[in-house]
Every structure is written in C-alpha cells, then in structure tokens.
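Architecture at a glance
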Amino acid sequence: MTEATQERSDWLQDLVESMYAKHVANHSGEIATYIPELGKADPDDFGICVVTADGRIHETGESNKTFTIQSISKPFTYGMALEAYGPDEVARHVGVEPSGDAFNSIELEPATNRPFNPMINAGAITVTALLYDYYGDEAFEQLMARFSAAAGRTLDYDESVYRSESRTGHRNRAIGHLLLNFGMVPEKIDAALELYFKQCAILVNCRDLAIMGATLSNLGNNPVTGQEVYDIDRVKDMLSIMFTCGMYDYSGQWAYKVGVPAKSGVAGGVVAVVNRQLSIASYSPRLDLRGNSCRGIDVCVDLASELGLHAFDCMNEGSSYLKALL
Ligand code: GLN
C-alpha cells in the first residue's frame, strides 16, 4: 500500500467509526420474535463493515459477531437459480416487479400466478424450490459452498434457528402450498421449504456480509480471495432486483434516500452494494415495522450522503469517481 492509499484507507476507517459513534445511542425498534429463537439476540449489538471493490476492509463494533443471514440470502440464491436455469426459465416462475407489500405477504400476480419478485418470501421460496429441484439432496451443500465463496470463508448454519423457524413457519408453508396449488413450484415443496428455512439460518458476521456485497460490487469476483463466484451478467440481474425490491415495502423510500441496491434480513443485517466501488454491511437487530434494521438504515443513509453514493447524486460521476478518492 502506498502512503497515499494508506491515508485514504485511514480516512474511510475513521468515517466508519464515526458512524458507529453517531448511531450507537439509537435504541428504536424491536427484535424479531416471530421466529422464537431470534428473540435471544442481544438488542444492543452493533457492527459496521465497509469493503471496497478492491478488497480493503474497514470495520468497527461487533463486526465479528455471527447472526443468521435470513432474507439477505435471497439475492444470492436468485443468482444461483439464474445461472442454473437461465433468466427466461426463472422468469416463468417469479417476476421482477416490486410488490409494495410486506415481505411475508400472501399474494401472487393475478395474470400469471407468479410471486411479484424473488426478494419477498413467496418469490424466494419459489427460487429455493427451483434450486432443490435442480440439485436434489445436494442443494444445501451447493448453497453453502456458493455463499462461502462469496464470503471468502467456510460458513456454517444455526441448527436451533433453523429448527425454530421450521417449527413455527406456518405462514411460509401456506405460501409454499399456494405456489404448488398454482403449479408454480415442483412437487417436493415440503423439502424445499426445509431448504429455505436452512438457507435463512446460515450464519454470517458483518464482515462476511460486506465481503459478499463487495463480491457483487466487484462484478462477481470476490475481491479478498480473488475467486470468481457469480457470472457477471447474473450480478447485474441480482443488483437490479435488490435496487427495486430489496427493502420490501420500504424499497421506494430507500431508492429515494440511499439510491443503491441493498438487502435486509430480520436478524438485523443489511447489505448495500455500490457497483464497482464498495459494499456496506451493518448488523443491529432492532427492526422497524417493515422488518428492516433501524440503525442499518440510518448508517446507509448517512454513508450514502457522506460519500455521494446515490446513483443519481451530483457527486457520483460513475464507477471511477470513488475509486480515485478511496
Ligand atoms: N426466514 C425469514 C422468513 O421467511 C426471512 C424473512 C426476512 O429476513 N425478512 O420469514
């Protein structure tokens, strides 16, 4: 690292630390308890990590503490399904339209019976059912291998969170069976639902999430390990859906305020991806009424404004601008 690069890195590290200091006193929101095991999280936990598209890591707070990935798994399984089946076949099963409704809403597009998009539960369960049909009993290993490659280390999953959701996930089962009723998913929907619950229970920390995001910001190539993880064309698809649908019924406001692709999960993780520049991950389990992390939203709003990350910010001169600054 040259002296100038070192100085710029220190500056970004300082900024990440100042975000922590600014938002740590925010105690608004509630921990998710509808999956009983999630209720055991420490509400005060707070971690932030920023990873640049060339692999520099800046982190603070509880950025090493693991939590379950939950819905942040959805763009990553969507990318796998796109690669396995091709975009046209996947589009026969799930749309790309924001629903404007809650993540667990029970609704399908009237004309096609498809779920609106792969970021809400109905669409994600469809995607996972497609992956189960493709990989059979190997599906979970395939998923773990891909997520691990994106994170740059071997990930594990939380058996008790998986069991807790499997025991209480009646709403997701209802969604799965509704999809089966309309012929939108293959027959073995119960096994596919178990796979979906397990995928949501994959354990990550803030740094893992930021590296997974940086893999997307670096055109599918993990910038820390150098491994090719996703096909470049599929990364474009994944980020597009994250941009329009990643924050559920907050996606419009998110696009307005933050202006970058992102995904949240009910365990308190948020990851935001700035194409070719960097990724921001935050972990803080207190959620707003839509199931998005309260501090996570605030950190991303502030960092986007500090760094001019919004896609339409006048400071944003395209993908080369921040690279020069960082
Ligand atoms: N496993 C959770 C569910 O299906 C994921 C939801 C989320 O993170 N928003 O309800």
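The present account deals with the structure reproduced in this document. Quick caveat, the model's predicted, so the values are computed rather than measured.

Some remarks on the sheet that holds strand β6 (residues 262–264)
- Here we have five strands laid out as an open sheet, ordered β2-β1-β8-β7-β6, and antiparallel in their pairing. Two strands bound the open sheet, and with one partner strand each, they are β2 (57–61) and β6. For this sheet the average axis-to-axis angle between neighbouring strands, irrespective of direction, equals 10°.
- Note: strand β1 (residues 47–52) against β2, five bridges, orientation antiparallel.

Focus: the packing of helix α4 (residues 121–135) against helix α7 (residues 170–181)
- Across the interface, α4 lies against α7 with an axial gap of 10 Å and an inter-helix angle of 65°. By crossing handedness, the relation of α4 to α7 is classed as right-handed. In contact with Asn121, Ala122, Ile125 and Thr126 of α4, α7 contributes Asn172, Ile175, Gly176 and Leu179.

Regarding the pairing of β1
- Within β1, six of the six residues are buried, which leaves it mostly tucked inside the rest of the structure.
- Alternating positions in β1 separate into two faces, Gly47, Cys49 and Val51 on one and Ile48, Val50 and Thr52 on the other, with burial throughout.
- Hairpin connection from β1 to β2: four residues lie between these consecutive antiparallel strands, with Gly55 at a positive phi of about 90°.
- With six bridges connecting them, β1 and strand β8 (residues 278–283) associate as antiparallel partners. Across the sheet, residue Val51 finds its bridge partner in β8, namely Ser279.

Let's talk about unusual backbone geometry
- Phi is positive for Asn113, which is not a glycine, with a value near 65°.
- Inspection of the secondary structure puts Asn113 in the loop between α3 (87–93) and α4.
- Despite not being glycine, Arg276 shows a phi value in the positive range, around 65°.
- Its place among the elements puts Arg276 in the loop between β7 (269–274) and β8.
- Given the relative accessible area of 39%, Arg276 is considered partly exposed.

What counts and what doesn't
- Residues numbered from 1 in each chain as written.
- Predicted model: local features only at pLDDT ≥ 70, side-chain atom pairs only at ≥ 80, totals over all residues.
- Heavy atoms only, no water.
- Pairing = 2+ DSSP bridges.
- Helix = DSSP H or I, 4+ residues; strand = E, 2+ residues; numbered from the N terminus.
- Axes fitted to C-alpha atoms, helices over the stretch in contact; angles between N-to-C directions.
- Left-handed = near helix turned anticlockwise from the far one by under 90°.
- Contact = heavy atoms within 4.5 Å.
- Buried < 20%, exposed > 50% of the residue type's maximum accessible area, 1.4 Å probe, protein only.

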